[in-house]
Amino acid sequence: MFKLLNDETRIIAVKEYSRRRMVVILFLFCTLVLIAIFGIFPSYTVSSSRKEIAMSRIEVLKKSPSSEDGRTLEKWLGLTNKKLTVLSPDASTDEPYEIFQKIIAAKPAGVSLLGLRWDKTGTAVTISLSGIARDRQALLALQEALNSSKSFSKAVLPVSSFAKDKDLEFELSISPIMKK
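Here is what the cut-offs are and how they apply
Residues numbered from 1 in each chain as written. Predicted model: local features only at pLDDT ≥ 70, side-chain atom pairs only at ≥ 80, totals over all residues. Heavy atoms only, no water. Pairing = 2+ DSSP bridges. Helix = DSSP H or I, 4+ residues; strand = E, 2+ residues; numbered from the N terminus. Axes fitted to C-alpha atoms, helices over the stretch in contact; angles between N-to-C directions. Contact = heavy atoms within 4.5 Å. Patch = residues over 30% accessible without salt bridge, like charges linked within 9 Å, V, L, I, M, F, W, Y side chains within 5 Å. Areas by Shrake-Rupley, 256 points an atom, 1.4 Å probe, with all protein chains shown as cover. Salt bridge = Lys/Arg side-chain N within 4 Å of Asp/Glu carboxyl O. pLDDT = per-residue confidence, 0-100. Buried < 20%, exposed > 50% of the residue type's maximum accessible area, 1.4 Å probe, protein only.

Caption draft 1: Inspection of the sheet that holds strand β3 (residues 166-174) at higher detail. Spatial strand order, β1-β2-β3: three strands in an open sheet with antiparallel pairing. Bordering the open sheet on either side are β1 (111-121) and β3, each of which pairs with just one other strand. On average, each strand axis in the sheet is tilted by 10° relative to the strand beside it, whichever way the strands run. Docked against the sheet, helix α3 (residues 96-106) engages β1, β2 (124-135) and β3, running at close to 150° with respect to β1.

Caption draft 2: Quick look at a nonpolar patch on the surface. Side chains of Phe29, Val33, Leu34, Ile37 and Phe38 sit close together on the surface and give an oily, nonpolar patch of about 530 Å² of accessible area. Checked against the element boundaries, Ile37 lands in helix α1 (residues 7-63).

Caption draft 3: Layout of the environment of Asn147. Tracing the chain through its elements places Asn147 in helix α4 (residues 136-148). Measuring from C-alpha to C-alpha, the distance between Asn147 and Ala106 comes to 10.0 Å, with 41 residues separating the pair along the chain. Ignoring any residue separated from it by four or fewer positions in sequence, one finds Asn147 in contact with Ser153, Lys154 and Ala155.

Caption draft 4: Molecular detail of the confidence of the model for the protein chain. In this model, the protein chain carries a mean pLDDT of 84, and residues with pLDDT of at least 70 account for 87%. No element of the protein chain has a lower mean pLDDT than helix α2 (residues 65-87), at 80, and none a higher one than α1, at 92.

Caption draft 5: Just the pairing of β1, in detail. Inspection of the sheet shows β1 paired to β2 by ten bridges, in the antiparallel sense. Bridge assignment links Arg117 to a residue of β2, and that residue is Ser128. Once β1 ends, the chain turns through two residues before running back antiparallel as β2, passing Gly122 with a positive phi of about 65°.

Caption draft 6: How the structure looks around the pattern of salt bridges. A complete count under the given rule lists four salt bridges for this structure. Of the charged contacts in the structure, one is a salt bridge between Arg20 and Glu16, with a shortest N-O distance of 3.3 Å. Within this pair, Arg20 and its partner Glu16 are both found in helix α1, separated by four residues, close to a single helical turn. Residues Arg117 and Asp119 are paired through a salt bridge, measuring 3.1 Å at the closest nitrogen-oxygen approach. Among the residues examined, Asp119 registers a relative accessible area of 29% and is labelled partly exposed.

Next comes the structure, spelled out in structure tokens:
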């Protein structure tokens, strides 16, 4: 396109052509920036108004009685937590799992345990065993095994446990000897 021009004119024309190209590119860039600004403006105004609404709601909620109820609830929860710490077991003095394991290990053949219950009143602990024994000898063997163990106080069976000859339902109460 510039082949018919002499060298000086061709250099001037190429520079002018480059300038015009830059002007068009800058114009397109500025147009793009303006379109972006106008596109973001509605979102900005909507988000600003939502922020103002949220801030006003927060102020209203701070002054409402429900926040006072929340403070009252927090105080009540604190008192309940204090009461629960009083009721919680002492460190390493209550070990029902280990004691239940000793009871199960002392159980002779012919005795089926149906229930183990741990009752604690103050510092006194009572364990109630319930189950079915095959016969009187198996029930007596359980009583002797628990009495001979160094982990429990005297195991006493009620006389009503010996009413039948076979399939004796029993309930036995023992107290573990706790380590201090």
